[in-house]
Amino acid sequence: MLCLIGDWKIEGYSLGIDVLDQKVGKIPPGSNIMIVGPPMTGKSVLGRMFFYNRLKDGSAGIFVSTKDTGEKVIDWFKTNDLDISRAKYGIIDCVSRTLQMDINLQDTDRIRYVSSPVDLTGISVKVNDLLEEFWKKEQIRSIGVVIESLSALLMYSNLQTVFRFLHVFSGRIRSVDAAGMYLIEEGMHDPRTQVTLKQLFQGVIETKDEGGEKLLQVIAPGCKVSGWFRYNFEGAKIDLKEI
Amino acid sequence: MIETGIPRLDDFLGGGIPTGKTLLYYIEPGVEGDVFGMQTLYHNLEKGYRGLFITSTTAPEILRESFKELGFDMSRFGDNFAIVDAYSGIIGSTSDERYVIEDPSNPSHIDEVISAAIEEFSGGTITFGSLSTIIDMVGEEKALEYIIKWNKYALIYDTVGIYNFTAWPYSPETLEKIKNEIFNAVIKVGGISKRVVYGQYYGILRVDWTEKVEKAILFKLVRPGGIKAFIPKILVTGPFNAGKSTFVHALSTRAVSVDRLGTTVALDHGYVEHKGFSADIFGTPGQERFDPIIKLLGGEALGVFLIVDSTRPEDFPRAVKMLEMTSRFGLPYVIVANKQDIKGALSPEEIGKMLNVHEEAPVVPAVTTRKEGVFEAFEILIDMVTGG
Ligand SMILES: Nc1nc2c(ncn2[C@@H]2O[C@H](COP(=O)(O)OP(=O)(O)OP(=O)(O)O)[C@@H](O)[C@H]2O)c(=O)[nH]1
Ligand SMILES: [Mg+2]
């Protein structure tokens, strides 16, 4: 690929959680990171705070929702007093058309509808549309992308299919120097699934629950090794302590 | 003959698709290509042919709505139009469609339903809304076997088979077979991308009933309206007196300039058709006070020529600035090292270095007054724009 003169430089993407950002540093541009852990360990909060942090610092965000409707995602930010109303973002809602059987849903600036979580082609079309919009119209070069979650995609399509989709998807993230976060539920899939998908990612944020105590660690290239942190979360707040 | 109903494509295919033949839209992931099959189906329903659509990513109700958004009202075709529902089974809901694939994980069941449908729709069209999903469900090898069988069926029953296929990274053998063996015609639907996809095109990869036309058509998707072809804009920019107007005229089959005292005060405009690719060419004025025009056009253009006078390195900083202005849009560009006929002209390599561009950036030597290097530069840019 050619390199243009006057090319942009993106420093990296912070995770949006104070202690982590100090200890771990920034996620390098072009990274694809998997967020994996058992249910109820705050993976969504990590993904959503990463998304929010993009919107806060003037970059753009793309949120692919395969679990909640787009409306519900926006509500979450409102409920937690996180103002995203003036930010540049798009939510790709793979749920509303299928679950609510609402055929009259029209795309808005904020929410783009895909016909179902089976429609991986549709998801990549909408992501491309948003990338183009941010790049060309808004001239934003720093974009954070969150998929919440892969587990829902894996319910309707087999591993091979999702792998191929992610292969293309993560490649696109790399080529625009964006950063991608991909949530996956531990224990919902056979071990092969996680191992196979892991090949596509440059890093992983792992959460675990040890007898009620929550722990997380970040392993990503270019980041300082973090080790395990003990943490608690409530709403959109994550309190972190180093062990 | 069944027409595709896609602008210009039928001309390229010698009028359309003969009955019993198959055509596949080979769609790059991320490009909105599903509409191709939908448009072909609708076009033929309108012409009075019967048509069948196999849906495997979308619920039938939602599918009907997507047709409607495109301005394609399917309700008026009555029994001439039917849906094969291969979707509801995947998400575990029930279906009222005439044909239902209840167990999409069972290949012989899929085959049974589809074969019966092909037979019943003899003389009409059958459109696979997403062949890739069927391949995903059945597995690559098995799916290919079945497709070959369905295509034979189509031949026997004079049905035209239309396939939408998203070219995910399947095995090279599978992709090769799909591209070059199994279908009578393959139409590539691709994205024009430089980091982000900012344009889309289609063109013939393969056709076995007529001579292949090597042309790429750019298109936009309009709702309602469907696929519309359009002619891309290409920008010619560069410092004062570098030879921009001369370049536009050399490249174009027809062109006009608005000049005063030999310098351009508005735009040069030309139209070029070369090697199957057509474009509108816009030359910008070189003087700084016209910079807003460059910004205006840059947002619309698909590629940029930067013309420099190879004998005037003192103008290069200005050239770099102009390139920066256009590159903000992430467009591919070719640098034209013009006036190579003048003694003391710098070489393309030297110019590349002095402009401080990436070593792979194309710098094409040219004498635009003699049309030398002009079409070479155009071909390089087209290759960049269409991804080679
Ligand atoms: N020797 C030589 N002269 C050239 C060549 N190309 C253009 N010229 C001359 O350079 C002068 C400027 O050419 P134009 O095409 O008007 O340049 P321009 O970039 O459109 O100029 P502005 O619109 O004023 O910025 C003319 O006298 C051309 O004849 C070339 O390849 N060799
Ligand atoms: Mg001129």
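Above: the structure in question.
Conventions and cut-offs
Residues numbered from 1 in each chain as written. Chains lettered and ligands numbered in written order. Predicted model: local features only at pLDDT ≥ 70, side-chain atom pairs only at ≥ 80, totals over all residues. Heavy atoms only, no water. Buried < 20%, exposed > 50% of the residue type's maximum accessible area, 1.4 Å probe, protein only. Helix = DSSP H or I, 4+ residues; strand = E, 2+ residues; numbered from the N terminus. Pairing = 2+ DSSP bridges. Right-handed = clockwise from strand over helix to strand, strands pointing away. Axes fitted to C-alpha atoms, helices over the stretch in contact; angles between N-to-C directions. Parallel < 35°, antiparallel > 145°, perpendicular 65-115°, else oblique. Contact = heavy atoms within 4.5 Å. Nonpolar A, V, L, I, M, F, W, Y, C, P; charged D, E, K, R; others polar. Core = buried A, V, L, I, M, F, W, Y, C linked by side-chain atoms within 4.5 Å.

K.L.:
A description of the pairing of strand S2 (residues 51–55) of chain B should follow, citing residues and the corresponding values.
P.N.:
Residue and element names in this part refer to chain B. Judged by how many residues are buried, S2 sits mostly within the fold: five of five residues are covered. Where burial is concerned, the two faces of S2 agree: the one with Gly51, Phe53 and Thr55 and the one with Leu52 and Ile54 are both buried. Of the pairings in the sheet, the one linking S2 to strand S3 (residues 81–85) comprises five bridges and is parallel in character. Paired with Gly51 across the bridge in S3 is Phe81. Taken together, S2, helix H3 (residues 60–69) and S3 form a β-α-β motif whose crossover is right-handed. Bridge count between S2 and strand S5 (residues 125–128): four bridges; the pairing is parallel. Paired with Phe53 across the two strands is Thr127, which belongs to S5.

K.L.:
Can you lay out the packing of helix H2 (residues 43–56) of chain A against helix H3 (residues 70–79) of chain A for me, pointing to particular residues and giving the numbers?
P.N.:
All names here are of chain A. Contact geometry of H2 with H3 gives a least axis separation of 12 Å together with a crossing angle of 80°. One element, H2, and the other, H3, form an angle in the roughly perpendicular class. Contacts from Val45, Arg48, Met49, Phe51 and Tyr52 in H2 reach Val73, Trp76 and Phe77 in H3. Its residues assigned to classes, the contact of H2 with H3 shows seven nonpolar, no polar and one charged.

K.L.:
Any details on unusual backbone geometry? Residues and values, ideally.
P.N.:
Cis rather than trans, the peptide bond between Glu148 of chain A and Ser149 of chain A has omega equal to 0°. Going from Arg223 of chain B to Pro224 of chain B, the amide bond is cis rather than trans, its omega being -5°. Checked against the element boundaries, Pro224 of chain B lands in the loop between strand S9 (217–222) and strand S10 (226–230). Even without being a glycine, Met40 of chain A presents a positive backbone phi close to 65°. Secondary-structure assignment places Met40 of chain A in the loop between strand S1 (32–37) and H2. Met40 of chain A sits in the exposed class, given a relative accessible area of 71%. Of note in this structure, Arg8 of chain B is not a glycine but carries a positive phi near 70°.

K.L.:
Can you break down the nonpolar core residue by residue, with the values?
P.N.:
Generally speaking, a soluble globular protein has its nonpolar side chains buried in company with each other. With 117 residues, the main nonpolar core has Ile143 and Leu166 of chain A together with Trp150 and Phe165 of chain B as its most contacted residues. Excluding residues that lie within four positions of it along the chain, Trp150 of chain B makes contacts with Ile110, Asp111, Ile114, Ser115, Ile118, Phe128, Ile134 and Tyr163 of chain B. Phe282, Leu306, Leu331 and Leu346 of chain B belong to the second-largest nonpolar core, a separate cluster that totals 52 residues.

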